[in-house]
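Here is what each chain is made of, one letter per residue.
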Amino acid sequence: MENKINPDTERWVEERMASLAAPDDWEPDASLARMRLNGRMSARRPTFARVWLLRVAIVALVLVMIFAIPTTRALTQQLWWWVTMQKVEVVQGDFQKLDGIWLVPQMREKKLKEGDEAPPMPPAVDFTEAARSAGFTPRLPREGAPPVDPVLRVLPGPMVWSTTLNVAKMEESLRQAGVTDQPIPKEWDGVVFSLTVRSAVSSSWNPGEMFLFQHTPIALSAPAGFDITVYWMAALRAAGIPREQAQRLAERMRATPAMLLGIAADNKKSIREVNLRSGPATLIETRGERRGGGPYPTDVWESIRRFFVDIFDERKGGGNVLLIWGVEDRVYHLSAKSAEQAIIAANSIE
Amino acid sequence: MERSNQLSLPTSMPNVACDLDALFAAYYRRLTRLLYRVTGDTARAEEFAAEAFWRLYDKAPRDATNIEGWLYRTGLHLSLDYLKKERRRARYEALTFLFGGAPNPHQAIEQQEKQARVRQVLASLKPVQAAMLLLRSEGLSYAELAAALNLNPASVGALLARAGQAFKKEYVKRYGEQD
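Worth saying up front: this structure is predicted, and the values here are computed from it rather than measured.

**So, the overall build of chain B**
Right, on to step 1. Within chain B, the secondary structure is distributed over eight helices and zero strands.
Right, on to step 2. Mapped from its N terminus to its C terminus, chain B presents α and β elements in the order α-α-α-α-α-α-α-α.
Right, on to step 3. Split into buried and exposed, the 179 residues of chain B put 35% on the buried side.
Right, on to step 4. In chain B, the proportion of contacts linking residues at least 24 apart, taken out of those at least 6 apart, comes to 63%.

**Describing the overall build of chain A**
Right, on to step 1. The secondary structure content of chain A amounts to eleven helices and 14 strands.
Right, on to step 2. The burial tally for chain A puts 41% of its 350 residues in the buried class.
Right, on to step 3. Taking all contacts inside chain A whose residues are at least 6 apart in sequence as the whole, residues at least 24 apart take part in 73%.

**Here we look at helix α8 (residues 228-238) of chain A**
All names here are of chain A.
Right, on to step 1. Burial analysis of α8 places eight of its eleven residues in the buried class, the great majority of the element.
Right, on to step 2. Every buried residue of α8 is listed here: Y231, W232, M233, A234, A235, L236, R237 and A238.
Right, on to step 3. Where α8 terminates, the next one or two residues include G240, which has phi positive at roughly 90°.

**Considerations on helix α5 (residues 127-134) of chain A**
Residue and element names in this part refer to chain A.
Right, on to step 1. Turning to α5, its buried residues number three or more, namely A130, S133 and A134. Relative to the axis of α5, the buried residues are bounded by an arc of 90° and lie together on one face.
Right, on to step 2. On its buried face, α5 sits against β4 (151-155) and β7 (200-205).
Right, on to step 3. At the C-terminal side of α5, G135 shows a positive phi close to 85°.

**A few points about the nonpolar core**
Right, on to step 1. In terms of nonpolar packing, the biggest core is built from 71 residues, with A235, L236, L323 and A346 of chain A touching the most fellow members.
Right, on to step 2. At seven residues, the largest contribution of residues to this core is made by α8 of chain A.
Right, on to step 3. Non-local contacts of L236 of chain A, meaning those with residues more than four positions away in its chain, are made with V91, G93, I241, A246, L249 and A250 of chain A.
Right, on to step 4. Listed in part, the 51 residues of the second largest apolar core include L37 of chain A together with V38, L56 and A130 of chain B.

**Considerations on the interface of chain B and chain A**
Right, on to step 1. Residue-level contacts link 31 residues of chain B with 30 residues of chain A.
Right, on to step 2. At the level of secondary structure, the elements contributing two or more residues to the side of chain B that touches chain A comprise α1 (20-39), α2 (42-58), α5 (106-124), α6 (127-137) and α8 (156-175) of chain B.

**Quick look at the environment of P185 of chain A**
Right, on to step 1. Position of P185 of chain A among the secondary structure elements: in the loop between α6 (167-176) and β6 (192-197).
Right, on to step 2. For the pair P185 of chain A and F226 of chain A, spaced 41 residues apart in sequence, the C-alpha separation works out to 9.6 Å.

**Comments concerning unusual backbone geometry**
Right, on to step 1. Even without glycine at this site, N150 of chain B takes up a positive phi of about 55°.
Right, on to step 2. Relative to the helices and strands, N150 of chain B is located in the loop between α7 (142-148) and α8.

**Some details on the confidence of the model for chain A**
Residues and elements named next belong to chain A.
Right, on to step 1. Of the residues in chain A, 67% have a pLDDT of 70 or more, and the chain-wide mean is 71.
Right, on to step 2. The secondary-structure element of chain A with the lowest mean pLDDT is helix α4 (residues 70-76), recorded at 36, while helix α11 (residues 339-347) shows the highest, at 92.
Right, on to step 3. A low-confidence stretch, residues 46-80 stays under pLDDT 50, and its non-local contacts, those more than four residues away or across chains, total 61 contacts.
Right, on to step 4. Counted against residues more than four places away or in other chains, residues 289-303, with its pLDDT under 50, gives 41 contacts.

**Let's talk about the confidence of the model for chain B**
Residue and element names in this part refer to chain B.
Right, on to step 1. Taken as a whole, chain B shows an average pLDDT of 75; of its residues, 74% reach a score of 70 or greater.
Right, on to step 2. Across chain B, α6 holds the top mean pLDDT of 92, while helix α4 (residues 90-99) sits lowest at 35.
Right, on to step 3. Below pLDDT 50 for its whole length, residues 89-105 participates in two contacts with residues either more than four positions away or in separate chains.
Right, on to step 4. This complex was scored by the predictor with a pTM of 0.48 and an ipTM of 0.78.

**Considerations on the packing of α1 of chain B against α6 of chain B**
Residue and element names in this part refer to chain B.
Right, on to step 1. Relative orientation of the contacting elements α1 and α6 amounts to 125°, with a least axis distance of 10 Å. Comparing the axis directions of α1 and α6 gives the class oblique. Crossing hand, α1 versus α6: right-handed. Residues L34, R37 and V38 of α1 form the contact with α6, whose participating residues are L134, L135 and S137.

**So, the environment of D29 of chain A**
Right, on to step 1. Within the secondary structure, D29 of chain A sits in the loop between α1 (7-18) and α2 (30-44).
Right, on to step 2. Along the sequence, D29 of chain A and R132 of chain A sit 103 residues apart, while their C-alpha atoms lie 9.2 Å from each other.

**What to know about the packing of α1 of chain A against α8 of chain B**
Pairs of packed helices are described in terms of their axes, by the angle between the two and the distance that separates them.
Right, on to step 1. At a minimum axis separation of 10 Å, α1 of chain A and α8 of chain B run at an interaxial angle of 70°. Taken as axis vectors, α1 of chain A and α8 of chain B run roughly perpendicular relative to one another. Considering only the axes of α1 of chain A and α8 of chain B, their crossing is left-handed. Contacts from T9, E10, W12 and V13 of chain A of α1 of chain A reach α8 of chain B at G164, Q165, F167 and K168 of chain B.

Calculation notes
Residues numbered from 1 in each chain as written. Chains lettered and ligands numbered in written order. Predicted model: local features only at pLDDT ≥ 70, side-chain atom pairs only at ≥ 80, totals over all residues. Helix = DSSP H or I, 4+ residues; strand = E, 2+ residues; numbered from the N terminus. Buried ≥ 20, exposed ≤ 12 C-beta atoms within 10 Å, placed from the backbone. Contact = placed C-beta atoms within 7 Å. Arc of directions from axis to C-beta. Core = buried A, V, L, I, M, F, W, Y, C linked by C-beta atoms within 7 Å. pLDDT = per-residue confidence, 0-100. Axes fitted to C-alpha atoms, helices over the stretch in contact; angles between N-to-C directions. Parallel < 35°, antiparallel > 145°, perpendicular 65-115°, else oblique. Left-handed = near helix turned anticlockwise from the far one by under 90°.

This is the structure:
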């Protein structure tokens, strides 16, 4: 075989390879990438979980203590697996009992104490800036939204929900729910289980009228070999969901990875599945008359907190309807005044 | 055990930048621009570059003598893999081109087609050959190329020649000599 390249061939190849060069005016954003890497590293280190959510802060404190114990530390060093979830399964049950024991983000009323709030995030200057900061291009509805430009806010860093499993507490919570036939593997003790959303963008139109929160698929991380079906099933049963229903749901969530979003059983909500052009979605409506009516929160931290804590707190004037659905690269939460408006808007997002 | 920003690389290695910030400052831009050649997409290039740094943090290589080369190899592996997967879509993209989309200026289309052809051919080569051509076109010297790809410096010229010939042969087979 010829070892020296023919000059003509060399030129011929070079010319074609040169056509691939990056544009001269493109400058990769190293600082943003570095920031995201930091975020990803933080996600791997649960003790750095964000402090804005009180529960997470408490869990983080516990983690710091647990990490100091060598035997527990060894467990946390197992290989991890990640699974991304585009879907959100919304279930009503006694999820408020699960705090700090089972990792189930919940929608319910909860007041944070003074000092728990994170500093407010300023709105993005424009759409391009929002896309650059978030690392993805936000999609907005072409129909159904008020005829004004939405205020965009970006949460570029990861949101992390994390907990360290405590088998004794998990068993106790099952006992309290009257469940005695749901064994919890002993080896789960001390392992860290977390849900991470890398970045998110909120868009709000006329306070109180419409709000769209979109984020990258949720990443679930747990040690290798962790049986997620057993975990979801046990969490659901601890929240009072009957065995067969819990098993069916847990298996569905394994087949199509989904995040479990709990709503307190006494919360007056109707939950139903609707079909959008992009696939099925979950529609959550407040039953009965609303008592609130104040402006919808526009601060992204407040909004995110509200989505996962008290989005339907009527006294604060939360939205009437929340539509949740996922596509390949995104999960959407759309709050609107009516189901019709939400569906029209959701179907026009491309 | 928690990990810090400091990579767990052997400290006995002289002149090895172990600090992630320093590595970012030194190599991120070049790596991203290199990966753009493969992906043709700035966002993808940044994504794969970031992934390479993540892997460096997550599973630092045992041999820390050539972090730059390790980053290039990892980034190219990720992006060439992506390119191979994208080939499957080419058929459908061609259909999309026929059925819709705003008409582009003729010259832009020609340029895009040319780039697509080069990428298709690169995706069909042996990964090491594609990596050599890409790194060479990014301006790496023979010595840098050898270091980046763990090759014998004395063989780089010959290997590069073979890579060039393989590229041309495949290209001509698919599209003809004059494109």
